[in-house]
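An overview of the molecular structure
Here is what each chain is made of, one letter per residue.
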Amino acid sequence: RAPAVRTRRAVPFASAGGSTIAADELAADASAANPLIGITPDRVPMVEAAARGETPDAGTFNWTKQWYPVAVIDLLDTSKPHPTQLLGVDLVVWKNGEGKWSVFEDKCPHRLAPLSEGRVEDDGTLLCAYHAWRFDDKGKCVDMPQASTPEEEERVKANPRSCAFTRPTMEAQGLVWAWGEGGKDAELEAAMTPALLVPEIEGVGKSGAAPGGAFRNHWQVRDMPYGWAAFFENAIDPAHAVVSHHTLVGDRYDDPAGFNCVVERPMTAEAGFRCALDPAVPPFNTIGKYDAETSYDFQPPSLLKIDWRHDQARFLTSHYCVPTKPGWCRHFVATVCQRGEGTEVRQHRWFKLNLFTLTSPAWMTHVLGPTFLHQDMVLLHQQEKILAQGDGQALAQKWKDQVFIPTSADKMTVMFYQWFGKHGPVPWAGPDGAELPPIERDQSKLFDTWEMHTKYCTHCQGALRNTEILKWLAVAGAGAKTVWVIVALAFAAAAAGAAAGPGAEPGLASVLAEVPSSVAGDVFSALSLAGAAYGAHGFAGMFRSYPFSHAEEDIVMEGTAKIGLSNDGPSPYIDFVDGSLFGPATKGKPHAGGCECSGCSPHFEGIRSGVLAARKKKQAAAKAAKQEAPAAR
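None of the values given here were measured: they were computed from a predicted structure.

**What to know about the overall build of the protein**
What the protein contains, in helices and strands, is 18 helices and 22 strands. Burial analysis of the protein (633 residues in total) assigns 51% to the buried set. A separation of at least 24 residues holds for 68% of the contacts in the protein among residues at least 6 apart in sequence. By element, 58% of the accessible surface of the protein is carried by carbon and sulfur atoms, the whole surface being about 28600 Å².

What follows is the structure in structure tokens.
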């Protein structure tokens, strides 16, 4: 379709070398911004101390002395250990005898065999499948069957070298968190460092009611075949959404628009930065109808919050991106909705899109995830390799040297690479651990949803199993109906032959006359069941692989567009869901401590979007004039 012709708002952007923000602009941003907006209360003292230069590493960022989410508790099988990776180190996540999750480095101290290939025993210990050494939740070896005597076993078990390599571990927000390094001081350092938690979703395990009458959807988690920097470069870029995610969240032809980025929190090593969009262009609003505001909040090493605020509702989407190994990352995302008074917001495109995900079962949210994520993945997987030119540890400089940044729409991406250029690269473990893998041309591997998600998600494994059962039941039903139709036709032919007499061939009309009237229904049932089996087969395939190409139309995405969730307008389904989830019951409920909504945050400074502020001023003037008119008469 040819793009619609329209005039775009001019947006000045000062740059040098095509890829940096001018120094005077950065200085103005720093002086106008609030250094604490978006920072949770338990992290404020740390951020303030670093800003005053009172911490040992003030002004620098230590990647290993951080908390990282490594797994979603609700998705894990508690009966077995689970392998994962963090900063190039293999880890194993398992549930111990105390009912808590533990994280060890994935190697037995005996002969370095992977503990993730072991077993969780009935007594809550982790058994190495190589020589049956067993370890408790603290990493202490509690059984060593190769010892010749009990005395020898106790002596060897008392040696610190017999202990597993543990990591400080915590559970919060329905996630398992691991500290970025081990060692004798790790537990103390981890205890003194608050994790990057989101108060609005604290206390919600799977999904459901959140503090203050809000509601949160299920966690999604997926391993992505591109790196940590590629993820944040993409996720922090509002301009790509309606283009890359055509039909799902917008229209690549009509929705792209220019905007400015207003810095709300200046860039620092420990706190990243936060920007508001001016205006919040599609998909956050419809062009010309800017009645909501959106902020992007990057907090290293793993958190990006996208904060959409409307007078009647707020959606806070929290993305965690964990650097697992070069060229790969693990992505976690959940969204929480806070609701105010009024129903006009039900017609808003961003409200409709996000509310739809709040009520979907976990497996449905997960299986439809690739329809969104693979639209970016097919681009990002290759883009970072093209940028790196064989040197994955110089991505920030390579990006700066090669890209062309002519408009302010890329300002946050520029800021991200400035932060990464100063505080990167990711310190991968091992002397040769930083090399990026080659571009994957095999689509069956690039879009392998089984390896990236399904194999470690109990929800999706159950849904896949049930779908396969339904498929084979439909196949059996279609087969049985087909056999019955064939038998009925055979009996009809025999009856017609008997009626025609010996040696006579019955005509087609006489055969059809003998066919029972119920056969037509049986034929329809057979075809319907076969169609159902084919549909179930296709749906089951989405749990294993979901190839995507921007050059081709996608039936799932086109179907989403037809539902109308990516456009403003009424929707009876959204009205029903909103009324069911919230109704009038949210009034007066206290929000979570540390909530960042405009009514709770002490750092909120009002509307940062000039376009939205002008719109509200115009609306207020019109309302005042309307109220004064009766008095004048």
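**Structural notes on the sheet that holds strand 8 (residues 126-127)**
The sheet built from four strands is open, its strands ordered 7-8-9-10 with antiparallel pairing. Sheet topology places strand 7 (119-120) and strand 10 (141-143) at the edges, where each strand pairs with a single neighbour. With two bridges connecting them, strand 9 (residues 134-135) and strand 10 associate as antiparallel partners. Within strand 10, the position partnered with Phe-135 by the bridge is Cys-141.

**Here we look at a nonpolar patch on the surface**
A contiguous nonpolar patch, built from Ile-469, Leu-470 and Leu-473 and spanning about 310 Å² of accessible area, is present on the exposed surface. Its place among the elements puts Leu-470 in helix 13 (residues 458-500). Classification of Leu-470 as exposed rests on a relative accessible area of 55%.

**Concerning the layout of surface pockets**
Put simply, the largest pocket is a space of about 1000 Å³. Lining the largest pocket we find 42 residues, and of these Gln-220, Val-249, Asn-354, Thr-357 and Phe-372 sit closest to its centre. The element that contributes the greatest number of residues to the lining of the largest pocket is helix 8 (residues 362-388), accounting for eight residues. Residues of the lining of the largest pocket, tallied by class, amount to 23 nonpolar, 17 polar and two charged. Shared between two domains, the lining of the largest pocket holds at least three residues of each, these being domain 3 (209-440) and domain 4 (461-581). When its volume is computed, the second largest pocket comes out at roughly 740 Å³. In terms of lining residues, the second largest pocket is bounded by 32 residues, among which Pro-83, Asp-223, Arg-330, Lys-455 and Tyr-456 are the most central. Per element, the largest residue contribution to the lining of the second largest pocket is four residues, and it comes from strand 4 (residues 82-86). Its residues placed into classes, the lining of the second largest pocket shows 13 nonpolar, seven polar and twelve charged.

**As for unusual backbone geometry**
Omega for the bond connecting Asp-278 with Pro-279 falls within 30 degrees of zero, at -5°, which places this linkage in the cis form. Assignment of secondary structure puts Pro-279 in the loop between strand 18 (272-278) and strand 19 (292-299). Here the phi dihedral of Leu-112 falls at roughly 65°; this positive angle occurs in a residue that is not glycine. Summarising the element assignment, Leu-112 is placed in the loop between strand 6 (101-105) and strand 7. The residue Thr-247 is not glycine, and still its phi comes out positive at about 80°. As for its position among the elements, Thr-247 is in the loop between helix 6 (241-244) and strand 17 (260-268).

What counts as what
- Residues numbered from 1 in each chain as written.
- Predicted model: local features only at pLDDT ≥ 70, side-chain atom pairs only at ≥ 80, totals over all residues.
- Heavy atoms only, no water.
- Helix = DSSP H or I, 4+ residues; strand = E, 2+ residues; numbered from the N terminus.
- Buried < 20%, exposed > 50% of the residue type's maximum accessible area, 1.4 Å probe, protein only.
- Contact = heavy atoms within 4.5 Å.
- Areas by Shrake-Rupley, 256 points an atom, 1.4 Å probe, with all protein chains shown as cover.
- Pairing = 2+ DSSP bridges.
- Patch = residues over 30% accessible without salt bridge, like charges linked within 9 Å, V, L, I, M, F, W, Y side chains within 5 Å.
- Salt bridge = Lys/Arg side-chain N within 4 Å of Asp/Glu carboxyl O.
- 1 Å grid on protein atoms, 1.4 Å probe; cavity = no way out; pocket = protein on both sides within 12 Å on 5 of 7 lines; lining within 4 Å.
- Points joined across faces, edges and corners; volume = space filled by probe spheres on them.
- Nonpolar A, V, L, I, M, F, W, Y, C, P; charged D, E, K, R; others polar.
- Domains from an automatic or database assignment.

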